[in-house]
Amino acid sequence: MTKLAFTSCMLVQRFDSQPVWQRIQAQDPDHLVLLGNAIHLDIDVAVRGMSAGEFAEHAHGLYRAQLAVPEFDALLRHMAAKGGRRVFALWDDHDFLWHDAAGVAIERAAEHRDKIEPSRVLFRAFRQALADVGSFPARLGDVTPPPRPDDVPLHEAIALRDDLWLHLTDGRSHRTDTWLVPQAERALLGPRQLDALATAIDTAAPGAVHLVASGSTSAHWRHYQRDWASLGALAARHRLLLLSGDLLRNDFASHGGAHGRPLHEATASGAAARDAAIFGAEVENFAVAEIDAAQVVLRFFDRDGETAPRFIHRERWAVTAHA
């Protein structure tokens, strides 16, 4: 059995102590996936008014602060000490630039284009520090940028086992806006990344389970009809479980299935936040997927403990009432 924990949304500006990581460590997962908004660049500050240099300093400081959270650091060291266990991350709007930021629109507008490269460079350094604990540069000047600007989607396909794949998607770099943008011109992942995702899934071992990690939920995907249709077509012929974040709550849903297999979706969001981001009740939400040859068990946790699990029969790829 493989046990994979997942969650999203940390507000280090409000939570310098984050007990959720102790609770995740107690589950002793094989892997952990961070589904976006590991930092919130646009809380308490006017990011759009910053120069590229000021923005880079700001982002660098937030990543250092999150990595220094005692419970988070302890979990990373616990995972590293176990050997073979990994912590993965993708980004969403608040650790890309700001709320609802779309890379294509930012590139076209030009005014804030110079913030994208430092954002990508620092996020890559954060990703590296999740594996190589303590490696995040103490000074911004010690961060090594790539030799040339990098606009490749931050997509990665990882074989956790021969029959279990994790697909990290980049829903921000090549995303368009939706306001006054015709459906034919909209993109969430974009053609290049959708092709890479399809190739990785289509060429994997038959019968494999594919965990597609996305900062955006299905509700957001539906605003991008081409991307949503492409994901649905993949799900119809494979076993896809969408792991999503962003909502500051836990949720489960199934989509489609009339003309093939359904797309199941598990959302876990609000690791260290409030239920309305900076307002409301504190939340400590995460989920654990336990995958073996017979089934996928999804267990959801909030501040009060564990809620009702969900069971997916692996062969039929159908939700069942119990294990």
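Residues numbered from 1 in each chain as written. Predicted model: local features only at pLDDT ≥ 70, side-chain atom pairs only at ≥ 80, totals over all residues. Heavy atoms only, no water.

Draft legend 1. Representation of the side chain of Q18. With respect to the helices and strands, the residue Q18 is situated in the loop between β1 (2-7) and α1 (20-27). On the accessibility criterion, Q18 (1% relative accessible area) is buried. Here Q66 takes part through its side chain, which lies 3.0 Å from a polar atom of the side chain of Q18. Excluding residues that lie within four positions of it along the chain, Q18 makes contacts with M10, V12, Q66, V69, E71 and A272. (Helix = DSSP H or I, 4+ residues; strand = E, 2+ residues; numbered from the N terminus. Buried < 20%, exposed > 50% of the residue type's maximum accessible area, 1.4 Å probe, protein only. Polar contact = N/O pair within 3.5 Å; in protein donor to acceptor, adjacent residues only side chain to side chain. Contact = heavy atoms within 4.5 Å.)

Draft legend 2. Looking closely at the pattern of salt bridges. In the structure shown here, the tally under the stated rule is 16 salt bridges. We note a salt bridge from D44 to R14, for which the minimum N-O separation is 2.7 Å. Taken together, the positions of D44 in the loop between β2 (31-35) and α2 (52-68) and R14 in the loop between β1 and α1 put the pair 30 residues apart, joining distant regions of the chain. For R14, a relative accessible area of 36% corresponds to the partly exposed category. Ionic pairing is found between R23 and E284, a salt bridge with its closest N-O pair at 3.3 Å. Separated by 261 residues along the polypeptide, R23 in helix α1 and E284 in the loop between β11 (279-283) and β12 (286-291) bring together distant segments of the chain. Here E284 falls in the buried class, since its relative accessible area comes to 10%. Through salt bridges with shared partners, a single ionic network connects R23, R274, E282, E284 and R303. (Salt bridge = Lys/Arg side-chain N within 4 Å of Asp/Glu carboxyl O.)

Draft legend 3. Structural view of the pairing of β11. As defined by bridge partners, strand β10 (residues 273-276) adjoins β11 across three bridges and the pair is classed as antiparallel. Bridge pairing links A276 to F279 in β11. Taken together, β10 and the strand that follows it, β11, pair antiparallel across an intervening segment of two residues, in which A277 is found at a positive phi of about 70°. (Pairing = 2+ DSSP bridges.)

Draft legend 4. Local environment of helix α9 (residues 225-237). In a regular helix each residue adds 1.5 Å, so 13 residues correspond to 18 Å; α9 covers 19 Å between its end C-alpha atoms and thus fits that length. The complete set of buried residues in α9 reads D227, W228, L231, L234 and A235. Across the axial projection of α9, the buried residues extend over an arc of 125°, all falling on one side. For α9, the elements touching its buried residues are α7 (191-202), β6 (209-214), α8 (218-221), β7 (239-244), β8 (251-255) and β9 (263-267). (Expected span 1.5 Å × (residues − 1). Arc of directions from axis to C-beta.)

Draft legend 5. Representation of the packing of α2 against helix α3 (residues 70-82). Contact geometry for α2 and α3: axes closest at 5 Å, N-to-C directions at 70°. By the angle class used here, α2 and α3 are roughly perpendicular. Contacts from Q66, L67 and A68 of α2 reach α3 at P70, F72, D73 and L76. Considered class by class, the residues forming the contact of α2 with α3 number five nonpolar, one polar and one charged. (Axes fitted to C-alpha atoms, helices over the stretch in contact; angles between N-to-C directions. Parallel < 35°, antiparallel > 145°, perpendicular 65-115°, else oblique. Nonpolar A, V, L, I, M, F, W, Y, C, P; charged D, E, K, R; others polar.)

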